[in-house]
Amino acid sequence: MKYRLFISGLLAATGFLQAESGPLETDLLIVGATESGWAAAIQAARMGVKRVTIVHDGEWFGGQFTEQALACVDEDKGVGKVGWGVDWHPMKRSFHRSGLFKELMDKIEAHNTAKYGSPMPGRPWHGPSTFRPAEAEAIFREMIQPYIDSGQIQVFWNWYPADATVEKNRLAQVEFLPLDENEGTLLVRPKLTIDASDWGEVIQVSGAAYEVGPDPKSRYNEPSATEEIVPNEMNPITWAMIVEESPTGEPTPIPEPPNFDDRNYPRATHFSRTEFANLKWDRKTGLGAISHWPDGGAENSSPRQLSVFSVRRIVDGYSSKDGKTSILLNYMNGQDYPLTRLPTRVANTLEKTEPGASQKNIVEMTREQREIVFQDAKHHAKGVLYHLQNFVHERAPDKTNSFRNFRLSREFGTDDNLPPKPYIRESLRLKAMYMMREQDGRNRDGETKKAAKERFSHVMYADGLFAWQFHYDFHRTGRTYLETEGENGPWIDYETPGRHTRHVSDRCVFPARSLVPIEMDGLLGAQGNVGFSSIVSAAIRLHDQRIHIGQASGAMAAVSLAENVQPRKIPYDADLLEAVRAGLCGEEMEGVPLLLYPFRDLKPEDECFVAVNRMAIAGALEIDPRKVDFEPKAKDRMENWEKKHFAGVKPETDLRVPDMSRGDLARFFWELTGKSATFPPRKSPTDADGDGIPDIDDALLFKPNDPIEWKIEKPKLTAQNDGLVDNSVPEEGRWFDFAGPGVPEAEGFERDSGAKWDDTGGFGWKRDISKNARRRNVYPEIQRDAFLFTREADTWECWAGKGMYRVTVCVGDSGHDQVGQNVTIEGKPVIQNVSTVAGQFHESTIDVEVTDGYLTVEIGKPEGGSNTCLNWLTFLRTKKLK
């Protein structure tokens, strides 16, 4: 007989006595011990919430870090190789680590150093930070344990939400049912609830509004959205695997998994692609592959190696203290599991549970139904390993590092040695007070991320709580089958319209409104269950971001409880919002402060970190959207700050003081302004700024504006990027423009049309590139409207005589974006991987020595992949050499 169990545990994770009657009363209920739920609990406890209860449907803290086995850290990244990280790895972080994420990673990397001899022991292609999941879970547990020991936090393992009670539009009670050995029903009656679960289960059982699957174009008018959607299309799940070297050194192949077929894995390695390149799929798709493993003796031939073996290696046995390699297999070239067009065997099993179940979005499936999908995803993932251990092993000439010598890690304690849960990239999306849209944050320098340059986002929300930046990162969401076998046979994934990785966000902030349901009180979102579109969800799903979301939600809950207000009041009340921000980034807070505003160079240890973040996020600083560094040590004058940032604020200090650092000035004015922010009064309950856009659709809550639309924003042309020769270039010397033979000559320029070197003219190319000429008819000035280009590497020479020369060169395209342009003069790089948007150019000057009499200019790069568009070049001899 079903009965109610009102305990908070006499088992390991508890410490509370059994209640005599009624539900468990608590201040804050957090559903999910995921990385977000864990962070929310610690944040709330640090801000004084006395009773925090976590209920989780498993036994691990840490979510994607641990029970989903994502042991190679993904964190905020932007447009290129500028940022923060180790020298040997080109993947640079957009920001310095901060907040609870920094506290966690510092401990993980200290543990790695002690055990493996390096803070980043995997030396992966991706990454670079790695860890063993069970070891990371121990650190999550270590960090939260003091609050459990004190009685401030209690934890219930292996319960899931099954029902909820809503009273006067407020979530008042949640009912949990047991998993594994638990019995009965657990009732929790909280003042406030945070849903940090994997699938937004509290949001679902409470009846709060949410969205799943792709958003049609008509919903949010996002530029990448399409009107035709597939309701159960989601960013795919992946059952990650940790494999480790066999402890005996003997081969440890796994058994053949059910439904195995080598044809499922044509992208797994080069051997696989060669064998299966001619298979006919019923949807258009492409095949790509990487190497399998390094040959023996070549494991350390470079700091990073791209192979299945090393792409997400978490411990490199060739350099670590313990001498054993372990690898995360989370491999999109064969391991991802799309959630549309399920195999017939899976669809038929689902239909037996409920008619139409095979067409449901996985979010809305029952646990029983999800488990059917999960089992097939597990078999598919194991198939990758089996393929590597057999098909690839047989074809690889060097078997030193073969996966046949690896076994599935035993650290998870599961019967199948797989992690308890799949990697979940996309959940439901809470229908929040504001739904973040692609056009709010997507980079506007060009059509794709290849044109992107560093900048702050077009929209910087007034209620921002933390900084973020990433690609809109969809793994392939479609599933295609062999034409001859249909949905009973092998399949691979493919890219569907609008869901890819070719766009990137600018430096953005996350709004408080996106944590709060549009209508229901007593509830906040966390983990992936927050207010953003499906497209934006693909950019806010990383390790650090999920922890930041949890911290923000925990801080919102703490202020709501302390002030006895519902969270929806906070975004409109400057004092309440500042209290939340103070809990995240304050001078007297416990722990490492969190980066609120997306500056590139600010570090939590900077003395000005809190002041700069709080003033910037409150709109108190005048910020150039293209200047992403604050430069705290740079000198500035107080009167400049008084005029630019604080007009009308009259400091008592004499303004005629010596120059101060920008960091010191920030701290001075932060004290001067009383560490507070202000909002204008709301003009109506549904339209705060009176601009005719309802708040639910208004990205700029207190700033009248038109609806936000995405469009390319061309930088303002200056003397350095307008494609015209400016006054700094002397008229003496020689000026060349590069254009096709039929194009009128530009006044004052000599024309080069791409012909091969001719002794008569004394200049030309090593090969004829005259067919690589374009004119766009955008500008009247020929020298910037026309150009010669290469997609490879080409060399131009001109007889000039021995001497020192000042050379100015211009690249760009008046009609199209161009990315990755390169120019070298006399062996010296003058333009390196420079991108220009349509109508904008890049001009650069260099001094070089010509020793053989021939000025040599190389454009492009040997490996190709992008155009370099050469508009014009000038040079002047500054010194004659004998």
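Conventions and cut-offs
Residues numbered from 1 in each chain as written. Predicted model: local features only at pLDDT ≥ 70, side-chain atom pairs only at ≥ 80, totals over all residues. Heavy atoms only, no water. Salt bridge = Lys/Arg side-chain N within 4 Å of Asp/Glu carboxyl O. Helix = DSSP H or I, 4+ residues; strand = E, 2+ residues; numbered from the N terminus. Buried < 20%, exposed > 50% of the residue type's maximum accessible area, 1.4 Å probe, protein only. Expected span 1.5 Å × (residues − 1). Pairing = 2+ DSSP bridges. Axes fitted to C-alpha atoms, helices over the stretch in contact; angles between N-to-C directions. Parallel < 35°, antiparallel > 145°, perpendicular 65-115°, else oblique. Contact = heavy atoms within 4.5 Å. Nonpolar A, V, L, I, M, F, W, Y, C, P; charged D, E, K, R; others polar. Phe/Tyr/Trp six-rings, centres within 6.5 Å; stacked < 30°, edge-to-face > 60°. Right-handed = clockwise from strand over helix to strand, strands pointing away.

J.: Honestly, the pattern of salt bridges in this entry has me stumped. Any pointers?
T.: In a structure, side chains of opposite charge can pair up when their charged atoms sit close to one another. Counted according to the given criterion, the structure contains 72 salt bridges. Notably, a salt bridge pairs Lys378 with Asp416, separated by 3.0 Å at the nearest N-O pair. Of this pair, Lys378 sits in helix 8 (residues 367–395) while Asp416 sits in the loop between strand 13 (406–408) and strand 14 (429–430), and the two are 38 residues apart along the sequence. Residue classification places Lys378 among the buried positions, given a relative accessible area of 13%. Residue classification places Asp416 among the partly exposed residues on the basis of a relative accessible area of 23%. In this structure, the salt-bridge partner of Arg541 is Asp473, at a minimum N-O distance of 3.0 Å.

J.: What am I meant to see in helix 11 (residues 543–563) here?
T.: Spacing of three or four residues puts side chains on the same side of an α-helix, whose turn is 3.6 residues. For helix 11, with 21 residues, the first-to-last C-alpha span of 31 Å sits near the 30 Å given by 1.5 Å per residue. Of all the 21 residues making up helix 11, 18 are buried; the element is thus mostly covered by neighbouring parts of the structure. Asn564 sits one or two positions beyond helix 11 and adopts a positive phi of about 55 degrees.

J.: Would you mind showing me how to read the sheet that holds strand 10 (residues 313–315) here?
T.: Paired through their backbone hydrogen bonds, the strands of a sheet run either parallel or antiparallel. Spatially, four strands are ordered 10-11-9-13 in an open sheet, and the strand pairing comes out antiparallel. Because the sheet does not close on itself, it has two edges, and the strands there are strand 10 and strand 13. Averaged over all pairs of adjacent strands, the angle between their axes in this sheet comes to 30 degrees, without regard to strand direction. In this structure, strand 10 lies alongside strand 11 (residues 326–329), joined through two bridges in antiparallel fashion.

J.: What is the right way to look at the sheet that holds strand 27 (residues 793–799) in this model?
T.: A sheet is described by the order of its strands in space; here five strands give the open sequence 24-27-32-29-30, paired in antiparallel fashion. Edge strands, defined here as strands with exactly one partner in the open sheet, are strand 24 (763–765) and strand 30 (828–836). Adjacent strand axes in the sheet meet at a mean angle of 15 degrees when their direction is disregarded. By the bridge criterion, three bridges tie strand 24 to strand 27 in an arrangement that is antiparallel. Bridging from a neighbouring strand, Phe763 pairs with Cys798 of strand 27.

J.: So what exactly am I meant to see when it comes to the packing of helix 2 (residues 99–116) against helix 11 here?
T.: Packed helix pairs are specified by the crossing angle of their axes together with the interaxial distance, meaning the distance between the axes. Helix 11 packs onto helix 2 with a crossing angle of 130 degrees between their chain directions and a minimal axis gap of 8 Å. Regarding the angle of helix 2 to helix 11, the classification is oblique. Counted together, Gly99, Leu100, Phe101 and Leu104 of helix 2 and His543, Asp544, Ile547, His548 and Gln551 of helix 11 form the full contact between these two elements. Split by residue class, the contact of helix 2 with helix 11 holds four nonpolar, four polar and one charged.

J.: Would you mind showing me how to read the side chain of Arg614 here?
T.: Inspection of the secondary structure assignment puts Arg614 in helix 13 (residues 609–617). Judged by its relative accessible area of 5%, Arg614 falls in the buried class. Ignoring sequence-local partners within four residues, the contact set of Arg614 consists of Glu578, Arg581, Ala582, Cys585, Gly586, Leu596, Trp670 and Lys675.

J.: When you look at the packing of aromatic side chains in this model, what are you seeing that I'm missing?
T.: The full count for this structure, using the stated rule, is 35 aromatic pairs. Taken together, a centroid distance of 5.9 Å and an interplanar angle of 85 degrees make the contact between Phe309 and Phe406 edge-to-face. One end of the pair, Phe309, is in the loop between helix 6 (270–276) and strand 10; the other, Phe406, is in strand 13, with 97 residues separating them in the sequence. Classification of Phe309 as buried rests on a relative accessible area of 0%. Judged by its relative accessible area of 3%, Phe406 is buried. Measuring from centroid to centroid gives 5.5 Å for Phe738 and Trp796, while their planes differ by 80 degrees, and the two rings are edge-to-face. Of the two residues, Phe738 sits in strand 22 (residues 734–738) while Trp796 sits in strand 27, which places them 58 residues apart along the sequence. Take Phe738 and Trp796: they sit in the same class, and that class is buried.

J.: What exactly am I supposed to notice about the pairing of strand 1 (residues 24–31) here?
T.: The side chains of a regular strand alternate, residue by residue, between the two faces of the sheet. Most of strand 1 is tucked away: seven of the eight residues are buried. Here strand 1 runs beside strand 6 (residues 186–195); their pairing, made up of seven bridges, is parallel. Counted as the bridge partner of Leu28 is Leu192 from strand 6. As defined by bridge partners, strand 1 adjoins strand 2 (residues 52–56) across four bridges and the pair is classed as parallel. Within strand 2, the residue paired with Val31 across the bridge is Val55. The β-α-β motif built from strand 1, the intervening helix 1 (residues 35–46) and the parallel element strand 2 has right-handed crossover chirality.

J.: Which parts of the structure should I look at to understand helix 8?
T.: The end-to-end C-alpha distance of helix 8, which contains 29 residues, comes to 41 Å, matching closely the 42 Å that a straight helix rising 1.5 Å per residue would cover. Among the 29 residues in helix 8, 21 count as buried, and that is most of the element.

J.: Help me understand unusual backbone geometry in this model?
T.: A positive phi angle, close to 55 degrees, is found at Asn564, a residue other than glycine. Given a relative accessible area of 72%, Asn564 falls into the exposed group.

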